[in-house]
Amino acid sequence: VMVQSDAARLKEVLMNFATNGIKYNREQGTIAVSHEIKAKKVITHVRDSGFGIPKEEQKKIFEKFYRTISARKSGVQGTGLGLFITKELIERMGGTVWFVSEKDKGTTFSFSLPRAVTS
């Protein structure tokens, strides 16, 4: 079921990426949010300087209840539902989500949504 993007759902998506960027970051780490417009899409990137996601765990990162080994060992609380729900919300708004991560260097979560049509 595709639904139009709405402010509450978009806020939930951004808050989840930002919260994860804080929870899984190093001390004095950074988070940056940027946007770009490409054709009929708006692309948002949320980049952190955190621990990164090991290559062997990346394919599971959007699975329901999945938490990386380092996340489980870190003592940081989580249910493993945030990224699953975020992906569902983005896809229901007609968008796509992806990420690039390098262990010990950080992660950039990105998503695209259709641009609003203005008359």
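Per chain, residue numbering runs from 1 following the sequence as it is written. Local features in this predicted model are restricted to residues whose pLDDT is 70 or higher, and side-chain atom pairs enter the listing and the counts only when it is 80 or higher, whereas totals over whole chains, interfaces and linings include all residues. Values reported for side chains reflect all heavy atoms of the structure, with hydrogen atoms and water molecules removed beforehand.

> Residues and numbers for the pattern of salt bridges, please.
Close approach of charged atoms lets side chains of opposite charge pair. We count a salt bridge whenever a side-chain nitrogen from Lys or Arg sits within 4 Å of a carboxyl oxygen from Asp or Glu. Summed over the entire model, instances satisfying the criterion amount to 4 salt bridges. A salt bridge links Lys38 to Glu36, with the shortest nitrogen-to-oxygen separation between them at 3.8 Å. A 1.4 Å probe rolled over the protein chains alone gives each residue an accessible area, and that area as a share of the maximum for its type sets the label: buried under 20%, exposed over 50%, partly exposed in between. Accessibility expressed as a relative area gives 47% for Lys38, which makes it partly exposed. Taking the shortest distance from any N to any O, the salt bridge between Lys87 and Glu91 comes out at 2.8 Å. Here Lys87 and its partner Glu91 are both found in helix α4 (residues 82-92), 4 residues apart, which amounts to about one turn of the helix. Overall, the relative accessible area of 26% leaves Lys87 in the partly exposed class. By relative accessible area, Glu91 is classed as partly exposed at 37%. To qualify as a helix, a DSSP run of H or I must reach at least 4 residues; to qualify as a strand, a run of E must reach at least 2; elements of each kind are numbered from the N terminus.

> Which residues make up the pairing of strand β1 (residues 31-38), and what are the values?
In this analysis, strands are considered paired if DSSP registers two or more bridges between them. Strand direction decides the pairing type here: β1 and strand β2 (residues 41-48), joined by 8 bridges, are antiparallel. Its bridge partner being in β2, Val33 is matched across the sheet by Val46. Taking the residues between adjacent antiparallel strands as the criterion, β1 and β2 are bridged by 2 residues, where Ala39 takes a positive phi near 50°.

> Residues and numbers for the confidence of the model for the chain, please.
Here the chain averages 87 in pLDDT, while 88% of its residues score no lower than 70. Every residue carries a pLDDT, the predictor's confidence in it, which falls somewhere between 0 and 100. Per-element mean pLDDT across the chain ranges from 68 in helix α3 (residues 69-74) up to 96 in β2.

> Requested: an account of the sheet that holds β2, with residues and values cited.
Strands sit in the order β1-β2-β4-β3 across an open sheet of 4 strands; the sheet is antiparallel. In this open sheet, the two strands that pair with only one neighbour each are β1 and β3 (96-102). Neighbour-to-neighbour, the strand axes of this sheet turn through a mean angle of 15°, independent of strand direction. Where β2 lies against strand β4 (residues 106-114), 8 bridges are found, and the strand directions are antiparallel. The residue bridging Ile43 from the neighbouring strand is Ser112, located in β4. Two residues qualify as a contact provided that any one of their heavy atoms is within 4.5 Å of a heavy atom in the partner residue. Axes, fitted as lines to C-alpha atoms, cover a helix only where it is in contact. Angles between the N-to-C directions of the axes lie from 0 to 180 degrees. Contacts between helix α1 (residues 7-23) and the sheet are confined to β1, β2, β3 and β4, with β4 contributing the most and set at about 175° to the helix.

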